[in-house]
Amino acid sequence: MSKFKEVFVIDDDKVFHFIIKKLFSKNNIDVSPSFYLNGLEALEEIKEKISMGVALPDLILLDINMPIMDGWQFLDEFRKTKKETKGQTIIYLVSSSDSTSDMNKAKEYQDEIEDYFFKPMTLDDLKKIF
């Protein structure tokens, strides 16, 4: 049983989606994540949940580099949007970027993000989350 009821995976890499599905399945993580190819798709879903009075996802795995709306833009918009809701969404950045500028920028969002993981995610990474 997972401590998270609803998980969003926001990443434009469909291979990463496949890996997450396999890691969850093989390790008995009992949750079916919702997948989004960019931050805008996920943000629209979140705004719809807010308008319907439905709880936000418990967990978001967020990539940084995506088309249309990247992870940083998503975090900026999510920061504004979540003020309208109750409950807490835990966000982990999951990126292939190990640049110093991205690592430093992540510190600017320490109120929004829990931790930063490098791709590919491993079983040990998931154990830290779940």
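Residues numbered from 1 in each chain as written. Predicted model: local features only at pLDDT ≥ 70, side-chain atom pairs only at ≥ 80, totals over all residues. Heavy atoms only, no water.

### Describing helix H3 (residues 71-81)
Alright, step 1. Gly71, Trp72, Phe74, Leu75, Phe78 and Thr81 are the residues of H3 that are buried.
Alright, step 2. Looking at the buried residues of H3, the elements they touch are strand S1 (7-10), helix H2 (39-52), strand S3 (59-62), strand S4 (90-95), helix H4 (100-107) and strand S5 (113-118). (Buried < 20%, exposed > 50% of the residue type's maximum accessible area, 1.4 Å probe, protein only. Helix = DSSP H or I, 4+ residues; strand = E, 2+ residues; numbered from the N terminus. Contact = heavy atoms within 4.5 Å.)

### A few points about the packing of aromatic side chains
Alright, step 1. One pass over the full model with this rule turns up seven aromatic pairs.
Alright, step 2. With a centroid separation of 4.7 Å and 45° between ring planes, the pair formed by Phe8 and Tyr36 is classed as tilted. Here Tyr36 lies in strand S2 (residues 34-36) and Phe8 lies in strand S1, a separation of 28 residues in the sequence. Pair check on accessibility: Phe8 and Tyr36 agree, each one buried.
Alright, step 3. Here Trp72 and Tyr109 contribute two aromatic rings whose centre-to-centre distance is 5.4 Å and whose plane-to-plane angle is 25°, an arrangement assigned as stacked. Of this pair, Trp72 sits in helix H3 while Tyr109 sits in the loop between H4 and S5, and the two are 37 residues apart along the sequence. Per residue, the accessibility class of Trp72 equals that of Tyr109, and both read buried.
Alright, step 4. Chaining the aromatic ring pairs together yields one cluster made of Phe4, Phe24 and Phe130. (Phe/Tyr/Trp six-rings, centres within 6.5 Å; stacked < 30°, edge-to-face > 60°.)

By themselves, these figures tell us nothing about what the structure is for.
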